[in-house]
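Residue-level structure breakdown
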Amino acid sequence: MLVESLLIVSASKNAFLAFAGIVTGVAAWSILGGEVFPQDQADPKGNPEEWTREEMRRWLALRNLHPQDSDTREQLLERIQANLRIPRP
């Protein structure tokens with residue numbers, strides 16, 4: 001009887017600690033989320049001809065197309081248009 005009650009207490013203690021850990025994690029994420037855990041920037045939307053140079057570089061970098069610092073805006077746009085509609089297997 002004593003062993004059974006100890007198992008019940010141990011199981012409820014573990015459940016409480018798991019719940020407390022989840023609540024603490026959610027609280028930490030909501031308080032520090034944007035500062036400590038930065039979100040990845042999404043792909044630019046719309047017409048690539050209207051993107052800024054930095055948006056073009058980010059689009060190419062996300063696809064491992066390695067934009068160079070010396071690339072002009074026109075060169076970046078040309079590379080984006082060449083890789084924009086490539087069918088993926």
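A quick note: this is a predicted structure, and the numbers were derived from the prediction, not measured.

1. Observations concerning the packing of helix H2 (residues 53-62) against helix H3 (residues 73-84)
For the pair H2 and H3, the least separation of the axes is 10 Å and the interaxial angle reads 40 degrees. Classified by the angle between their axes, H2 and H3 sit oblique to one another. Classified by chirality, the crossing of H3 by H2 is left-handed. Along its contact with H2, which presents Arg53, Met56, Arg57, Trp59 and Leu60, the element H3 presents Arg73, Leu76, Leu77, Arg79, Ile80, Asn83 and Leu84.

2. Structural notes on the pattern of salt bridges
What the rule picks out here adds up to two salt bridges. Note that Arg79 and Asp71 form a salt bridge whose closest N and O atoms lie 3.4 Å from each other.

3. Quick word on H2
Of the positions making up H2, those classed as buried are Met56, Arg57, Arg58, Trp59 and Leu60. Downstream of H2 by a residue or two, Asn64 has a phi angle that is positive, lying close to 55 degrees.

4. Details of the packing of aromatic side chains
Applying the stated criterion across every chain yields a total of one aromatic pair. Measuring from centroid to centroid gives 6.3 Å for Trp51 and Trp59, while their planes differ by 45 degrees, and the two rings are tilted. What makes Trp51 buried here is its relative accessible area of 6%. Using a relative accessible area of 4% as the deciding quantity, one classes Trp59 as buried.

5. Notes on the nonpolar core
Of all hydrophobic cores here, the largest spans seven residues; its members are Trp51, Met56, Trp59, Leu60, Leu76, Leu77 and Ile80. Apart from the residues within four sequence positions on either side, Trp59 is in contact with Asp43, Pro44, Trp51, Leu65, Ile80, Asn83 and Leu84.

6. Topic: unusual backbone geometry
Look at Asn64: it is not a glycine, yet its phi comes out positive at around 55 degrees. Assignment of secondary structure puts Asn64 in the loop between H2 and H3. Notably, His66 is not glycine yet its phi reads approximately 45 degrees, a positive angle. Take His66: it is sitting in the loop between H2 and H3.

7. A look at the environment of Gln41
For Gln41, the location among the structural elements is in the loop between helix H1 (2-36) and H2. The class of Gln41 is exposed, set by a relative accessible area of 54%. Taking C-alpha positions, Gln41 is 8.6 Å from Arg58, a pair spaced 17 residues apart along the chain. Not counting the four nearest positions on each side in its chain, Gln41 is found in contact with Arg58 and Leu62.

Reading the values: the criteria
- Residues numbered from 1 in each chain as written.
- Predicted model: local features only at pLDDT ≥ 70, side-chain atom pairs only at ≥ 80, totals over all residues.
- Heavy atoms only, no water.
- Axes fitted to C-alpha atoms, helices over the stretch in contact; angles between N-to-C directions.
- Helix = DSSP H or I, 4+ residues; strand = E, 2+ residues; numbered from the N terminus.
- Parallel < 35°, antiparallel > 145°, perpendicular 65-115°, else oblique.
- Left-handed = near helix turned anticlockwise from the far one by under 90°.
- Contact = heavy atoms within 4.5 Å.
- Salt bridge = Lys/Arg side-chain N within 4 Å of Asp/Glu carboxyl O.
- Buried < 20%, exposed > 50% of the residue type's maximum accessible area, 1.4 Å probe, protein only.
- Phe/Tyr/Trp six-rings, centres within 6.5 Å; stacked < 30°, edge-to-face > 60°.
- Core = buried A, V, L, I, M, F, W, Y, C linked by side-chain atoms within 4.5 Å.

No statement about biological role is implied by the geometric values presented.
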